[in-house]
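For reference, the chains in residue letters:
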Amino acid sequence: MSKTEAHDKRGRAAPRAEPFLAEMEARPFWDNLKEHKLTVQRCNGCGTYFNFPPQALCAKCLSSDNEWVPVSGKGTIYSFVTYHRAWHPAYQDQIPYNVSLVDLDEGPRLVSNVIDIPPDEVKVGMAVEVVYEDHEEYTLPKFKPSA
Amino acid sequence: MSNLSGKYAVVGVGETQVGKRPEATTNSLHVEAIRLCLEDAGVDASQVDGLLTNQPLTDAHRSYAVRLAHMAGIDPSYATDLALGGATPIAMIQNAVMAIEAGMANYVVCVHARKRATPDPTPGYPIRSGDEHWEQPWGHFSAVANHAFAATRHMHEFGTTSEDLGQIAVSTRKHACMNRNATMQKPMSIEDHQNSRLIVEPLHLFDCSLESDGGAALLVTSMERARDLPKRPVQVLGMGQHHPHSSVMDAPTLTTLGSRKSSEAAYRMAGLEPKDMDFAQFYDCFTITTLITIEDYGFCGKGEGKDFIKDGRIEVGGEIPVNTHGGLLSQAHLEGIMHVTEGVKQLRGNEVEPERQVQGAKAGVISGHGGSLCMHASLVLGVQ
C-alpha cells in the first residue's frame, strides 16, 4: 500500500467509505444483508447475542459455537450526532447528516444512519426500524423512524 | 494505603516548545524532550536504564522505545511501547513505578511527542484504531463524533447544554493565557464558543482540542535516589486504570466512563479523597471529556457537572483548578503528557508563571483518557 493511499494529510490511516467485505468473521453479516436480512451472532453455548464487530468466540462463555440469526430490525436510538464536516469526499454533499448508535431490540448496537427525516428531528430514545440501502457490491443497514 | 504509595517519585520533567515546529520531526521532538528532562533532573543518559514510549500513531516501529533509547544515548534494561491512547502518559508513570519496584530498572524515562500541526516527512505506516470498518461505511469517522455521542447523551440525561460545555473551554483558555508555552493566547468568551462552527453537533470547534507539535518527558526513580537529586521530588501517591469497553458499540454507558473506577483505585492507594486535591489536570480532548471526568472523579455528583464548573470553581483561585496549563484545548495536544508535567511543576511550587500557580499545592490528581472513550488511567501526585 503506498503512503498516499494509506495516510490522511496528518499521517493517520486514511478513511474509506466502503465496508471490508472480506473480513472473515463478518462475511455472513454482509451476505445476509444482500438478501435484505439483518442478522447478528448468537452463541449456541449460552445464548448471548454478540456485540459488534463480529468475532469468532463468545465473549461471555468463550464458546466457538455460534450462528448468525435474524433480528426484528427494530431498535432505539442510544445517542446521535450531526456531521457538519466531511472526513471523506463521499460524504461532502451529504452534510449535515446523521450518525446514530442504534440499540437493536435483541441487544447488539450498530453505528448507522437515521434516514428519511432531517437530522435535527432525531431524538434519543426514538424507536427505529431497519431499511436496506443497496450498493453495487454490498447492502448497508440503515434506519428510519418506526411506523 | 498501599506500601508503594510515596515510594517512587518524578524527579525530572522536560517540555519542548509547543505549537508549530516545522523544523522538527517526531523523532527529534522525542529526543529533545528527553534531553530537557535529564537536564532538569541532573541525571546523565548513561544512568538511565528504562524507557517507556507511546507507540507513535504515524510512524510505527516494531519497538519505538528501543529505537528511541539508542537515538538518545540510553542503554535500557527495560523498554517498551505502551498503547492506551491518551491514557498512555499516565500508564507510563505507573509502569515505571512497577518496573523499578520489580528491580528491572532504576531510572525510567517516560516520553511522548507528536507532530500534528506541521507535516512530518519521516516514512512510516499508520496505525488504525481497529473498528473503523464498522463505522466508516455509515460516514462515522472521528474522535470528535464519538465524544459528540457522549455529549448528546449527557445532554439528554442531565440537561447539560452547549453553553455549559463552553464554560470549560473558556476557563481552560484563561489558564492558557497565563502560560507562555501555550498555543492559544487570546481570551475566549461563551459567545465566541457558541459562534465557533459546528464540527460534529453538538460539538463546536471550540469544544475540540488542538493539533500540535511538541513533546515532554518525565524521569521516575525511587524516593531513596531522589534525595540525592537537585529538584524537589514529586511522589507517586496513587495509581488506577479502568477500560470498561472497547468501542462505542460495546459501551454500557457513555456518561460514566473508566474514569470512575480508575480514580477510586488511585484515591484508595493514596489514602486521599477528592477534597484533599489542590488541583486536577483532566484530559480534555473535548470539553465533554472534562465534564464527565470532573463528575467521575467525585468533585460533584453525576449530572451536576454543568453547575459545578461555573463561577470560577475550576479556575486558579477556585475550589479545584482544572488544567492550569491550558490543557489540550488551549495549550497543546500531546496526548496528555503535559497534564503530568504540569502536575509535577505545580507541586514543585516555583516553576510556573506566578498567576497560575496553585498556592501551597500539596497533592493533585491527573487523568488520562484514550480511544473511543474506552481507556482511562489516573494518577495522584503529592509532595511531603
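Residues numbered from 1 in each chain as written. Chains lettered and ligands numbered in written order. Predicted model: local features only at pLDDT ≥ 70, side-chain atom pairs only at ≥ 80, totals over all residues.

Undergrad: Summarise the overall build of chain A; cite the residues concerned and give the values.
TA: A count of helices and strands for chain A gives 2 helices and 7 strands. Ordered by position in the sequence, the α and β elements of chain A form the string α-α-β-β-β-β-β-β-β. Counting only C-alpha atoms and orienting by the principal axes, one finds that chain A spans roughly 45 × 45 × 30 Å. Looking at chain A as a whole, 31% of its 147 residues qualify as buried. Across chain A, every contact between residues at least 6 apart in sequence was considered, and the portion connecting residues at least 24 apart equals 50%. (Helix = DSSP H or I, 4+ residues; strand = E, 2+ residues; numbered from the N terminus. Buried ≥ 20, exposed ≤ 12 C-beta atoms within 10 Å, placed from the backbone. Contact = placed C-beta atoms within 7 Å.)

Undergrad: Describe the overall build of chain B, naming the residues involved and giving the relevant values.
TA: Broken down by element type, chain B carries 12 helices and 11 strands. Relative to the compact-globule value of 21 Å for 384 residues, chain B shows a C-alpha radius of gyration of 19 Å, a close match. Once the C-alpha set of chain B is aligned to its principal axes, its extents read approximately 55 × 45 × 40 Å. Looking at chain B as a whole, 63% of its 384 residues are labelled buried. Considering only contacts in chain B between residues 6 or more positions apart, those separated by 24 or more positions represent 78%. (Rg over C-alpha atoms; globule rule 2.2 N^0.38 Å.)

Undergrad: Help me get a handle on the confidence of the model for chain B, residues and values and all.
TA: On average, residues of chain B score 95 in pLDDT, and 97% of them reach the 70 mark or higher. Scoring of the predicted complex yields 0.95 for pTM and 0.93 for ipTM. (pLDDT = per-residue confidence, 0-100.)

Undergrad: Help me get a handle on the interface of chain A and chain B, residues and values and all.
TA: Opposite the 37 residues of chain A that make contact, chain B presents 35 residues. Sorting elements by how many residues they give to the side of chain A that touches chain B places strand β3 (residues 74-83) of chain A first, with 5 residues. Of the residues in the side of chain A that touches chain B, the class split is 19 nonpolar, 10 polar and 8 charged. Where β3 of chain A lies against strand β5 (residues 198-201) of chain B, 2 bridges are found, and the strand directions are antiparallel. When the bridges of β5 of chain B are listed, tyrosine 83 of chain A appears paired with valine 200 of chain B. (Nonpolar A, V, L, I, M, F, W, Y, C, P; charged D, E, K, R; others polar. Pairing = 2+ DSSP bridges.)

Undergrad: If you had to explain unusual backbone geometry to someone new, which residues and values would you point to?
TA: Look at the link from phenylalanine 52 of chain A to proline 53 of chain A: it is a cis peptide, with omega at -5 degrees. Here the residue pair isoleucine 95 of chain A and proline 96 of chain A is connected by a cis peptide bond, since its omega of 0 degrees sits within 30 degrees of zero. Following the sequence through the fold, proline 96 of chain A ends up in the loop between β3 and β4 (97-104). In this structure, glutamate 335 of chain B takes a positive phi of about 55 degrees despite not being glycine. Looking at the secondary structure, you find glutamate 335 of chain B in the loop between α11 (327-331) and α12 (337-348). On the basis of neighbour counts, which here come to 27 C-beta atoms within 10 Å, the residue glutamate 335 of chain B falls in the buried class.

Undergrad: Go over the sheet that holds strand β4 (residues 108-115) of chain B with me, naming the residues and quoting the values.
TA: Sheet strands associate in pairs through backbone hydrogen bonding, adopting either a parallel or an antiparallel arrangement. Residue and element names in this part refer to chain B. Strand order in the open sheet made by the 9 strands is β3-β2-β4-β7-β1-β8-β11-β10-β9, with mixed pairing throughout. For this open sheet the edge positions go to β3 (78-82) and β9 (279-281), each flanked by a neighbour on one side alone. Across the sheet, the axes of successive neighbouring strands diverge by a mean angle of 25 degrees, strand direction being ignored. Pairing of strand β1 (residues 8-15) with strand β8 (residues 234-242) involves 2 bridges; the strand directions are antiparallel. Directly across from alanine 9, in β8, lies its bridge partner glutamine 235. (Axes fitted to C-alpha atoms, helices over the stretch in contact; angles between N-to-C directions.)

Undergrad: I'd like to hear about the packing of helix α4 (residues 143-158) of chain B against helix α9 (residues 287-296) of chain B, residue by residue, with values.
TA: The axes of two packed helices give the description: the angle between them and the distance between them. Residues and elements named next belong to chain B. Relative orientation of the contacting elements α4 and α9 amounts to 55 degrees, with a least axis distance of 9 Å. Between α4 and α9, the angle is such that the two are oblique. The element α4 and its partner α9 pack so that their crossing is left-handed. Between α4, through His147, Ala150, Ala151 and His154, and α9, the contact on the second element is made entirely by Ile288, Thr289 and Ile292. A class-by-class count of the residues in the contact of α4 with α9 yields 4 nonpolar, 3 polar and no charged. (Parallel < 35°, antiparallel > 145°, perpendicular 65-115°, else oblique. Left-handed = near helix turned anticlockwise from the far one by under 90°.)

Undergrad: Please set out helix α1 (residues 26-41) of chain B residue by residue, giving values where relevant.
TA: It helps to recall that an α-helix has 3.6 residues per turn; residues three or four apart then point in one direction. Residue and element names in this part refer to chain B. Between the first and last C-alpha of α1 there are 23 Å, a value that for 16 residues agrees with the 22 Å anticipated at 1.5 Å per step. By the criterion of burial, α1 is predominantly enclosed, with 12 of the 16 residues buried. Those residues of α1 hidden inside the fold are in contact with β1, α2 (64-71), β4 and β7 (213-222). Positive phi shows up at glycine 42, right after α1, with a value of about 70 degrees. (Expected span 1.5 Å × (residues − 1).)

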